[in-house]
Amino acid sequence: PLLASAPAVGTKCITIARDATGNVLYGSDGDAFCSFASECLGVPCPLPSTAERGIQDSSPDDPQALPENTSAVCAKMARQACTSAYEAAEAVCVNDQHSAQIWRVERRGACAKCQRLVGVYRRLRDVGC
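Described below are features of the structure shown in this document.

Here is what the cut-offs are and how they apply
- Residues numbered from 1 in each chain as written.
- Predicted model: local features only at pLDDT ≥ 70, side-chain atom pairs only at ≥ 80, totals over all residues.
- Heavy atoms only, no water.
- Disulfide = S-S within 2.5 Å.
- Helix = DSSP H or I, 4+ residues; strand = E, 2+ residues; numbered from the N terminus.
- Buried < 20%, exposed > 50% of the residue type's maximum accessible area, 1.4 Å probe, protein only.
- Expected span 1.5 Å × (residues − 1).
- Contact = heavy atoms within 4.5 Å.
- Pairing = 2+ DSSP bridges.

Glancing now at the state of the cysteines. Counted according to the given criterion, the structure contains five disulfides. Between the sulfur atoms of Cys13 and its disulfide mate Cys93 the distance is 2.0 Å. On the sign convention where negative is left-handed, the bridge of Cys13 and Cys93, at about 100° about the S-S bond, is right-handed. On the criterion of sequence distance, the pair formed by Cys13 in the segment before β1 (16-18) and Cys93 in helix α3 (residues 80-93) is long-range, its members being 80 residues apart. Accessibility expressed as a relative area gives 25% for Cys13, which makes it partly exposed. A sulfur-sulfur separation of 2.1 Å characterises the disulfide bridge that pairs Cys74 with Cys129. Measuring the twist about the S-S bond at about -95°, one finds the Cys74-Cys129 disulfide to be left-handed. Here Cys129 lies in the segment after α5 (112-127) and Cys74 lies in helix α2 (residues 70-77), a separation of 55 residues in the sequence.

Spelled out as structure tokens, the structure:
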């Protein structure tokens, strides 16, 4: 089996910042989560929050639209680069039981949209495109 390359030392899971107007943004170039979202789902970072404070911007169970149709996303997911990006993001973002529960959407995290994107990826991967 192919092994994913180890994430670079100092790689962040996801950056949370505010823009010039005070809106919360999730992710920036170089974040492990953003590499996964872009490579596998065609979703660019940063992801804007829909809430004033940026916490619990929506529910992880809400539907998640993708910028491309399912067949285009499935073509991206079939590439080894996507598998490697997902595995690298999981390695960086899941480092204890609490973060594992957030990654698996068993516990709410700060970025519900991020959780939904991981869930969409896993459903398409596990159920089939």
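Between its first and last C-alpha, α3 extends 20 Å over 14 residues, near the 20 Å set by a 1.5 Å rise per residue. Every buried residue belonging to α3 is among Cys82, Ser84, Ala85, Tyr86, Ala88, Ala89, Val92 and Cys93, and all of these are buried. Where α3 is buried, its residues contact α1 (32-41), α2, α4 (97-103) and α5.

Another aspect to go through is α1. Most of α1 is tucked away: seven of the 10 residues are buried. Of the positions making up α1, those classed as buried are Ala32, Phe33, Cys34, Phe36, Ala37, Cys40 and Leu41. Following α1 by one or two positions, Gly42 adopts a phi angle in the positive range, close to 70°.

Before going further, it helps to spend a moment on the side chain of Lys76. Within the fold, Lys76 resides in helix α2. In contact with Lys76, other than residues within four places in its own chain, are Glu39, Cys40, Leu41, Gly42, Glu68 and Cys82.

Another aspect to go through is the sheet that holds β1. Across the sheet, which stays open at both edges, the three strands sit in the order β1-β2-β3 with antiparallel pairing between neighbours. Since the sheet does not close on itself, it has two edges, and those belong to β1 and β3 (47-48), each with one partner. Both β1 and strand β2 (residues 24-26) contribute to a ladder of three bridges, which runs antiparallel. Within the sheet, the bridge partner assigned to Ile16 lies in β2 and is Tyr26.

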